[in-house]
Amino acid sequence: MNNKISYLLSTVRCMRRCNSVLAPKSSARTRKHVLWIGRYGDPLENFRKLFLNNFPSLHGSSLRFLSQKADVFSTGAKIQPEKSTEALVGEQPPQNSLELEKLDDYGSFKVKRVMDHSEPFFNSLQKCTCPCDVLDLALESAVSTKHFTNCLTTVWRLFKHLSEDQQRYEKQLIFEHPAFVKLCQQLLRNARRMTRGDLVFSLHAVVNLGVPQNTLLVQTLVRVCQEKLNQLDNRCISVLATTLAGLDKDKNVSALQAGLQLLVEQRVPSIRDIFILQNLMKCMGKDAPVFLKKKLEVAVLKEINHLTSLNAVRVFLALVAMDYCSIPILNACSKKIQENVHDAPFRQLILILEACASLHYRNVKLFSALADYVNSTACLWDKRQIILFLSAFETLGFQPSELMGIFAEKVTEDPEFLNLKNLLIVLRVYSRLNYVPQGQKHLFFETLHICLIKYLPQISNTELLKAVYSLCILGYLPHRALDELLQKDSRDELLLSDDLYKEQNEMMLHCVKTCMELDSPSFMKPAFVLTENFSLVSLNLRKAREALIELLGDENMFRQNVQLPYKYRIDFEIRMDSDRKKVLPIAATDDPADSSVQRLAFLFVPLSAFCVGTTHPQGKLAMKKRHLNKLGYHVILVPNKKFQEMTNEDAVEFLKGKIYSENAFPFPEVTVQDNN
């Protein structure tokens, strides 16, 4: 008899569920009602009060740290299926279980469901188009934990695709909806009976919907995740890691993160999904120990042949999040990006360049491919987008010469689009990368100067100094702007600024004044230059000194560490006859009236002073070379790192070629971290 009654009750309950699901009500009336009720209250505050006060038995329970029942530290731990009734019900139909998809365009998890289309509830859930429709359905039809968890994750899936304004509106509706409170109550009551997928995805949805971290709901879900940590599969670990990355550090979260890190260390060698690996890299972050970063690197390299172009970009960003520069991974990702550069959107290209800057990664082939793509499609890009590209390349020290030439033409044709901010960026980019447009140099500089004059009434003294400094580095003297800059009030303000900027301002003002003298048309090449010689040579120049002694036979044949006027210094000075055939002793050529003597200035400079992948000097070095020429020196630039890598014999031969005939021994082309 009892069995018959139980069977009858089950049948009635099932029919009731089906009828309510087949005809879900519209949420329009509910939305209006909810908005009216919650009009004067804070839904988040109401929610917090509800889940801190309405469950005294749970509220009083202690929030334990890492559970002793969960053997997180066991190296041989295996994932055990859950045996509770609710878990068995949830796992019997795999069509209703939650599965992890790859990241979507928003960088968030998608939760996909392989629905059992014979069940009306999940059919109706799939048709919902907004979060409140899901909550209406849950209020009328949801009866099991599986229903509640699927409703919650569907609410999050629909919510995250809304715009910011829509999210603010919908968030209020969600938190004031009676079904949301019901969902959270069910999660709180059944947390320990939920399947591992339901548990992790529910926590992920609750946190991302904005439920406060200090509520009993979130803390309980975090604590249960501690207890069930060893039961999580790799996909659940990935979701949990993402969720914890968005939480503030408290005792429960810190304990769970510590246990998760130990579990990741054990699991990494067995993970074959590149998406899960890059997500774990991102979530472990900069604080991960070095050995764990290396483990993740090895695991990614095993799957590197399965990279897609989208995964390649995400691995780039994951390495940035982990603050770990893995050249093999970056080279493989760069190759994949180069092959599919035409499919990359604007924002993605900028992220790639920013990632390279953060990781100090320089790949000439990658930069060239991105620059060529933007150059070939320049007519499709907005001018402000091109400015962002040029600024990103300037940060990397890479000169996209063709693109800079095309953009210079756009500036001269239509300078009106340049606001003050963009003007300062353009000046900085062209000066640092030392690019002067061929055939339109004067027109380009005049155009920029006119734009600068237009903003003189509103520009600050610091911005004006930076703008004038950039033009002077390029060899152009903006007289109108200079007059404004060198007024006593402006100059005093710059020199009396904070200590942080005072030294920088002094340096720029000195360069401006030097350019005003040396780059002025009235400046005449001096018959001789007052110099001061210092015998001390830095350690990284000892090899060059020894090579010069071996080549020239005597220390008296050159000068070292020479200080010149205008605070310029050269590493080595050599004097030769007018035909560059014979090196002359320094003491025999001190006659200022002897104009037949040629002076050679050797500058040993770091690779960072050149544009990436070339021996083209950047702005300040190019200005110094120009000014030394004005002072009567023939300047020879030597990349010091490459010189130090030479054998002693090659170093002597290299200097011999530079001294007697600069084209006789060309310096090898510079490439930086380009291992493709």
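Note that this is a predicted model, so its numbers are computed, not measured.

On to the packing of aromatic side chains, then. Across all of its chains, the model carries 20 aromatic pairs by this definition. Between F407 and F417 the ring centres are 6.0 Å apart and the planes differ by 80 degrees, which places this aromatic pair in the edge-to-face class. On the criterion of sequence distance, the pair formed by F407 in helix 22 (residues 401-413) and F417 in the loop between helix 22 and helix 23 (420-432) is long-range, its members being 10 residues apart. Using a relative accessible area of 0% as the deciding quantity, one classes F407 as buried. When its relative accessible area of 9% is taken as the criterion, F417 is described as buried.

Let us now look at the nonpolar core. Counting 179 residues, the largest nonpolar core has L240 and Y430 as its most contacted members. Looking at this core element by element, the count peaks at nine residues for helix 19 (residues 346-359). Membership of the second largest hydrophobic core comes to 25 residues, among which are L548, L552, M557 and F572.

Turning to the pattern of salt bridges, a few remarks are in order. One pass over the structure, following the stated rule, counts 17 salt bridges. Linking R626 and D519 is a salt bridge whose minimum nitrogen-to-oxygen distance equals 3.1 Å. Separated by 107 residues along the polypeptide, R626 in helix 30 (residues 619-630) and D519 in the loop between helix 28 (499-518) and strand 3 (532-533) bring together distant segments of the chain. The class for R626 is partly exposed, based on a relative accessible area of 22%. One salt bridge connects R545 with E555, and the closest N-O pair in it is separated by 2.3 Å. Of this pair, R545 sits in helix 29 (residues 542-552) while E555 sits in the loop between helix 29 and strand 4 (559-563), placing them 10 residues apart in sequence. By relative accessible area, R545 is classed as partly exposed at 23%. In this structure E555 comes out as partly exposed when scored by relative accessible area, which is 41%.

Right, let's talk about the pairing of strand 5 (residues 569-576) for a bit. Judged by how many residues are buried, strand 5 sits mostly within the fold: seven of eight residues are covered. Pairing of strand 4 with strand 5, which is carried by four bridges, proceeds in the antiparallel orientation. Considered in strand 5, the bridge of Q560 is made with F572. Here strand 4 folds back onto strand 5, and the loop between the two strands holds five residues, one of which, Y566, carries a positive phi near 65 degrees. Summarising the sheet, strand 5 and strand 7 (residues 598-605) pair through five bridges and their orientation is antiparallel. The residue bridging E573 from the neighbouring strand is A601, located in strand 7. In this sheet, strand 6 (residues 583-584) lies alongside strand 5 in antiparallel orientation, the contact comprising two bridges. Bridging from a neighbouring strand, M576 pairs with V583 of strand 6.

Right, let's talk about the environment of V268 for a bit. Mapped onto the elements, V268 comes out in the loop between helix 14 (251-267) and helix 15 (274-284). Residue classification places V268 among the buried positions, given a relative accessible area of 1%. Contact partners of V268, with chain neighbours within four places excluded, come to K295, L296 and A299.

Within the secondary structure layout, D198 lies in helix 11 (residues 196-209). Separated by 3.5 Å, the side chains of D198 and T149 make a polar contact.

Moving on, we get to the confidence of the model for the chain. Detail in the predicted coordinates should be disregarded across regions flagged by low pLDDT. When the pLDDT values of the chain are averaged, the result is 80; 78% of them are 70 or greater. Within the chain, no element has a lower average pLDDT than helix 5 (residues 85-91), which sits at 30, and none a higher one than helix 23, at 96. Within the model, pLDDT remains below 50 along residues 53-118, and this stretch shows 147 contacts once partners closer than five positions in the same chain are excluded. A low-confidence stretch, residues 663-676 stays under pLDDT 50, and its non-local contacts, those more than four residues away or across chains, total 40 contacts.

The contact between helix 7 (residues 131-141) and helix 8 (residues 145-160) brings their axes to 8 Å, and the two run at 170 degrees. With respect to their mutual orientation, helix 7 and helix 8 come out roughly antiparallel. In this structure, helix 7 contributes P131, V134, L135, A138 and S141 to the contact, and helix 8 contributes H147, C151, T154, V155, L158 and F159. When grouped by side-chain class, the residues that make up the contact of helix 7 with helix 8 number eight nonpolar, three polar and no charged.

Definitions and cut-offs
- Residues numbered from 1 in each chain as written.
- Predicted model: local features only at pLDDT ≥ 70, side-chain atom pairs only at ≥ 80, totals over all residues.
- Heavy atoms only, no water.
- Phe/Tyr/Trp six-rings, centres within 6.5 Å; stacked < 30°, edge-to-face > 60°.
- Helix = DSSP H or I, 4+ residues; strand = E, 2+ residues; numbered from the N terminus.
- Buried < 20%, exposed > 50% of the residue type's maximum accessible area, 1.4 Å probe, protein only.
- Core = buried A, V, L, I, M, F, W, Y, C linked by side-chain atoms within 4.5 Å.
- Salt bridge = Lys/Arg side-chain N within 4 Å of Asp/Glu carboxyl O.
- Pairing = 2+ DSSP bridges.
- Contact = heavy atoms within 4.5 Å.
- Polar contact = N/O pair within 3.5 Å; in protein donor to acceptor, adjacent residues only side chain to side chain.
- pLDDT = per-residue confidence, 0-100.
- Axes fitted to C-alpha atoms, helices over the stretch in contact; angles between N-to-C directions.
- Parallel < 35°, antiparallel > 145°, perpendicular 65-115°, else oblique.
- Nonpolar A, V, L, I, M, F, W, Y, C, P; charged D, E, K, R; others polar.

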